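Read off the chains here:
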Amino acid sequence: MNTPNISQQMQFDGRALIDGHRREAQGGATFSCISPIDGRVLTEVARCQLADIDAAVASGRAAFEDKRWSGLAPAARKRVMIKFADQLLAHADELAMMETLDMGKPIKYSRAVDVNSAANCIRWYGEAVDKIYDEIAPTASTALALITREPMGVVGVIVPWNYPMIMAAWKIAPALAAGNSVVLKPSEKSPLTALRLAELALEAGIPPGVFNVVPGYGPEAGSPLALHMDVDCIGFTGSTRVGKQIHVMAGQSNLKRAWTELGGKSPNIVFADCPDLDKAVEAAVGSIFFNQGESCNAPSRLFVEASIQEQFLERAVALAPQYLPANPLDPATIMGAIVDKTQMDTVLRYVESGKTEGASLLYGGEQALTQTGGCYVQPTIFAGVQPQMKICCEEIFGPVLSVMSFTDAAEVVRQANASVYGLQAAVWTRDINKAHGIARALRAGTVHVNSYDEDDITVPFGGFKQSGVGRDKSLHAFDKYTETKTTWIRIDSPV
Ligand code: NAD
């Protein structure tokens, strides 16, 4: 496949998808969708606002009320969800190319990770939905208490740009499988694949009105969705700053259920007795540079026991050049473009603050491939980082690793937990007592032992503290998109 040529020929449809039809925004406004690979405009995208959100929610509500989807047997919804997943795989090359052009990640990963993972998620929730039973409570024999789950109604979904298809799939799949209608607002930085997903859902047999997509800016399209009086639930992934506003908007409006998957500054702790130092180095470096560092769970704070720090850093710096950014459309590339100029400038500002605050820059720190017109940053490693430095406390969301050393286990756990975030963490040691003890003490939604970034749709994903409320993935995600109902049936004359 000659990816650069195909990418030049691709056509994009940036119109919203509401009630089964492609539509311009009612006000006629658009915004430019710019590729961070080379700065070219891919297409103009509908800039949805209040009137469009109202139309999408009304369409979702009508579909929910007439039961064209919510009223189907779970097994019938399952069949359609599986077709929907198959549609993603049938269009895998197109979707992968779109994702790469839109947000800059390497085509190698869009194809092997993003499309496959989104399809697997949609298939998994489809497969699951006709295997979940309701409950009967152990009451006295004078009554029967049924505990059943019902879809909520209209679910609003707002997602970020770092894994546009996967983040959308984590929410729309359980919400749709459970029988809800969905209104999805993708990030203004990466709207294209969400729109295509909704078309593929229609082709698979998800009825018109059940899955609507309204691209636009956060305050113009996201806020009206979060504030809407006829939206029953909002599933949000994004920054902690906006996540807090989502909870406020839910409270200001109809107390819709609000679930938020937010930021992270995950600690990765490597003890001198780690079972395989090379593996620990590869995981530390590979996980922070994967997806250009634009991963909520990236292990951006690395704590290395002082006695092995020198050799660890030597090996880490030796690996870093492999991650120098290159053309994302080249199938060999493993580090692509940062999503846009704003985000690139933010990352470079953090690098400057690291230098100014006295951390040692061991590798990278510069903008790269400037001649392309795109947005690229070198993989960057700082050592000698102190707890009060910005690069230690704040989420950078770029390819920047902050390294600290430690000598005492209790102290490193205290420092690892000294963050407003609690998304993920890791500990590397061959001592099983230390591994279990530290895993328990770490305040994070997921803790890895002697690995980083193990991942499966079967396990919950989400954070402690300001990393959010609720969990994506696994059967637990159904809790977010269903209401629990108790039905009492009186038995007056038990035999
Ligand atoms: P962001 O919060 O700026 O935007 C996320 C989404 O919210 C976008 O669609 C945006 O348009 C919308 N939005 C912005 N302002 C809004 C408002 N006032 N009302 C309603 N919607 C609004 O985040 P981002 O820059 O797109 O993504 C990066 C963040 O996402 C990082 O903090 C990262 O850690 C987080 N993230 C978390 C997870 C997780 O599972 N915990 C996964 C991926 C990304």
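These lines cover the structure that appears in this document, whether it is placed above or below. A quick note: this is a predicted structure, and the numbers were derived from the prediction, not measured.

Time to look at unusual backbone geometry. The phi dihedral of Asn291 falls on the positive side, at around 60°, and the residue is not glycine. With respect to the helices and strands, the residue Asn291 is situated in the loop between helix H10 (277–289) and strand S13 (301–305). Residue Asn291 is classed as buried on the basis of its relative accessible area, which comes to 3%. At Asn450, a residue that is not glycine, the phi angle is positive and equals roughly 55°. On the secondary structure map, Asn450 appears in the loop between strand S21 (446–449) and strand S22 (464–465).

Another aspect to go through is the environment of Gln378. In this structure, Gln378 sits in the loop between strand S16 (376–377) and strand S17 (380–383). As a C-alpha pair, Gln378 and Glu366 span 12 residues in sequence and 5.6 Å in three-dimensional space. If we ignore the near neighbours within four places in the chain, the residues touching Gln378 are Leu324, Pro325, Gly364, Gly365, Glu366, Ala368 and Pro399.

Moving on, we get to the sheet that holds strand S6 (residues 143–151). Spatially, the three strands line up as an open sheet ordered S5-S6-S24, and their pairing is antiparallel. Both edges of this open sheet fall to strand S5 (135–136) and strand S24 (482–490), since each of them pairs with a single strand only. Alignment of S5 against S6, held across two bridges, turns out to be antiparallel. Following the sheet pairing, Ile136 is matched in S6 by Leu146.

Moving on, we come to the side chain of Ser59. Position of Ser59 among the secondary structure elements: in helix H2 (residues 50–65). If we ignore the near neighbours within four places in the chain, the residues touching Ser59 are Ile18, Asp19, Gly209 and Asn212.

Let us look at the packing of aromatic side chains. If you walk through the whole model with that rule in mind, you get nine aromatic pairs. With a centroid separation of 4.8 Å and 55° between ring planes, the pair formed by Trp170 and Phe461 is classed as tilted. Here Phe461 lies in the loop between S21 and S22 and Trp170 lies in helix H6 (residues 164–177), a separation of 291 residues in the sequence. Each of the two residues, Trp170 as well as Phe461, counts as buried. Here the basic side chain of Lys434 rests over the ring of Phe271, its NZ or CZ set 4.1 Å away from the ring centre.

Here the focus is the nonpolar core. Within the largest apolar cluster, 73 residues are counted, with the highest numbers of intra-cluster contacts made by Phe84, Leu88, Leu176, Val182, Leu184, Ile206 and Phe211. Sort the elements by how many residues they give to this core and H6 lands first, with 11 residues. In contact with Phe84, not counting residues within four places along its chain, are Ile122, Ile172, Leu176, Leu197, Leu200, Ala201, Ala204, Ile206 and Phe211. Among the nonpolar cores identified, the runner-up in size contains 31 residues, and Tyr109, Ala283, Leu302 and Ile334 belong to it.

What follows deals with the site of the ligand. Close contacts around the ligand come from 29 residues, with Val159, Glu188, Ser239, Leu262 and Glu395 the closest. A distance of 2.6 Å separates an oxygen atom of the ligand from a polar atom in the side chain of Ser239. At 3.3 Å from a nitrogen atom of the ligand is found a side-chain nitrogen or oxygen belonging to Gln245. Isolated, the ligand exposes 850 Å² of accessible area, and the fraction of that covered by the protein chains is 91%. Listing elements by their share of the shell around the ligand, those giving two or more residues are helix H8 (218–227), strand S10 (233–237) and helix H9 (240–252).

Further remarks concern the packing of helix H5 (residues 107–129) against H6. Following both chains from N to C, one finds H5 and H6 inclined at 10°, their axes separated by 9 Å at the closest point. Judged on the interaxial angle alone, H6 and H5 are roughly parallel. Touching Val113, Asp114, Val115, Ser117, Ala118, Cys121, Ile122, Tyr125, Gly126 and Val129 of H5 are Met165, Ile166, Ala169, Trp170, Ala173, Pro174 and Ala177, all from H6.

Attention now moves to the pairing of S21. Here S21 shows one buried face, formed by Thr446 and His448, and one open face, formed by Val447 and Val449. Relative to S21, strand S20 (residues 424–428) runs parallel, the two sharing four bridges. Residue Gln424 lies in a different strand from S21, and its bridge partner there is Thr446. With respect to chirality, the unit in which S20 leads through helix H15 (residues 432–441) into the neighbouring parallel S21 is right-handed.

Conventions adopted
Residues numbered from 1 in each chain as written. Predicted model: local features only at pLDDT ≥ 70, side-chain atom pairs only at ≥ 80, totals over all residues. Heavy atoms only, no water. Helix = DSSP H or I, 4+ residues; strand = E, 2+ residues; numbered from the N terminus. Buried < 20%, exposed > 50% of the residue type's maximum accessible area, 1.4 Å probe, protein only. Contact = heavy atoms within 4.5 Å. Pairing = 2+ DSSP bridges. Phe/Tyr/Trp six-rings, centres within 6.5 Å; stacked < 30°, edge-to-face > 60°. Lys NZ or Arg CZ within 6 Å of the ring centre and 35° of its normal. Core = buried A, V, L, I, M, F, W, Y, C linked by side-chain atoms within 4.5 Å. Near = heavy atom within 4 Å. Polar contact = N/O pair within 3.5 Å; in protein donor to acceptor, adjacent residues only side chain to side chain. Areas by Shrake-Rupley, 256 points an atom, 1.4 Å probe, with all protein chains shown as cover. Axes fitted to C-alpha atoms, helices over the stretch in contact; angles between N-to-C directions. Parallel < 35°, antiparallel > 145°, perpendicular 65-115°, else oblique. Right-handed = clockwise from strand over helix to strand, strands pointing away.

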